[in-house]
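Fold and contact review
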Amino acid sequence: MSQSLLLMLLGEFSLVLLTGLIVLLVVNRRNKRRRLAGIEELLEDIKDRQPRRGDRLALALISKHRLDEQAAQELSENLIAAEKQFLYGFVEQQMQQQAIGGFYENLCRLLDSYLDNMPKSNAQPAEGEADVGAETAEVSPVAGDQAPEAAAAPLEEGPPPPDWGDVFD
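About the thresholds
- Residues numbered from 1 in each chain as written.
- Predicted model: local features only at pLDDT ≥ 70, side-chain atom pairs only at ≥ 80, totals over all residues.
- Heavy atoms only, no water.
- Helix = DSSP H or I, 4+ residues; strand = E, 2+ residues; numbered from the N terminus.
- Buried < 20%, exposed > 50% of the residue type's maximum accessible area, 1.4 Å probe, protein only.
- Contact = heavy atoms within 4.5 Å.
- Areas by Shrake-Rupley, 256 points an atom, 1.4 Å probe, with all protein chains shown as cover.
- Core = buried A, V, L, I, M, F, W, Y, C linked by side-chain atoms within 4.5 Å.

Focus: the overall build of the chain
- Of regular secondary structure, the chain possesses five helices and zero strands.
- For the chain, the succession of helices and strands along the chain, N to C, is α-α-α-α-α.
- Counting only residues that meet the buried cut, the chain has 17% of its 169 residues in that class.
- The long-range fraction of contacts in the chain, counting pairs at least 24 apart against all pairs at least 6 apart in sequence, stands at 75%.
- When the accessible area of the chain is evaluated, it comes to approximately 12,600 Å², of which 59% is carbon and sulfur surface.

So this is what it looks like as C-alpha cells:
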C-alpha cells in the first residue's frame, strides 16, 4: 500500500512539474513574441523617421554650419549611416537577448562619429554668435584640425549599414 501511495504521489508531483514547465514555456514564448513585435514597431518607426531626420540634419548643417547643399546632404547621409550601424547592433543585442554591456561603448562611438564628422565652419558667425564663436575658437585647440574632405568621408568602422529587412533574416 505504501508503494502504490508513493507511486501516486510521484505521478502527481511529475504532473505538477510538467504543467509548471509548460506554463513557463508558454509565458516565455509570449514574452518573446511581444519583444519581437516591439522591435518590429521600433524599426518601422525608424524607417519612417530617418528620411525626415536626414533632411533636418542637412538643413541644420546648411543654416548653422553654412555648408553647401551637396556637402550637407553627404554629411547627413554619413550621420544617418552611423545611426543605422548603432541601431543594428542594438537590435541584434535585443533579439539575441544579450547583456547590454556594450551598449554604452556603441553609443559613445556613435557620438564620436558625430563629433568627428561635424564640419568646422570657416564662415563668419551670425550676429548673436559672434562673441560666443570667438571665445570657443580660442578655447578649443581642435577647431581647425579636420580637413573638409575628411568631414565628408563615409564611416567605415564596421560592416556596411544594414537594410532593415536583413535584421530578421
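Topic: the nonpolar core
- In terms of nonpolar packing, the biggest core is built from 16 residues, with Leu 43, Leu 57, Leu 79, Leu 110 and Tyr 114 touching the most fellow members.
- If you list the elements that add at least two residues to this core, you get helix 1 (2-64), helix 2 (69-95) and helix 3 (103-117).
- Here this core takes eight residues from helix 2, the largest share from any one element.

Looking at the side chain of Gln 93
- With respect to the helices and strands, Gln 93 occurs in helix 2.
- Other than its neighbours up to four places away in sequence, Gln 93 contacts Gln 98, Ala 99, Ile 100, Gly 102 and Phe 103.

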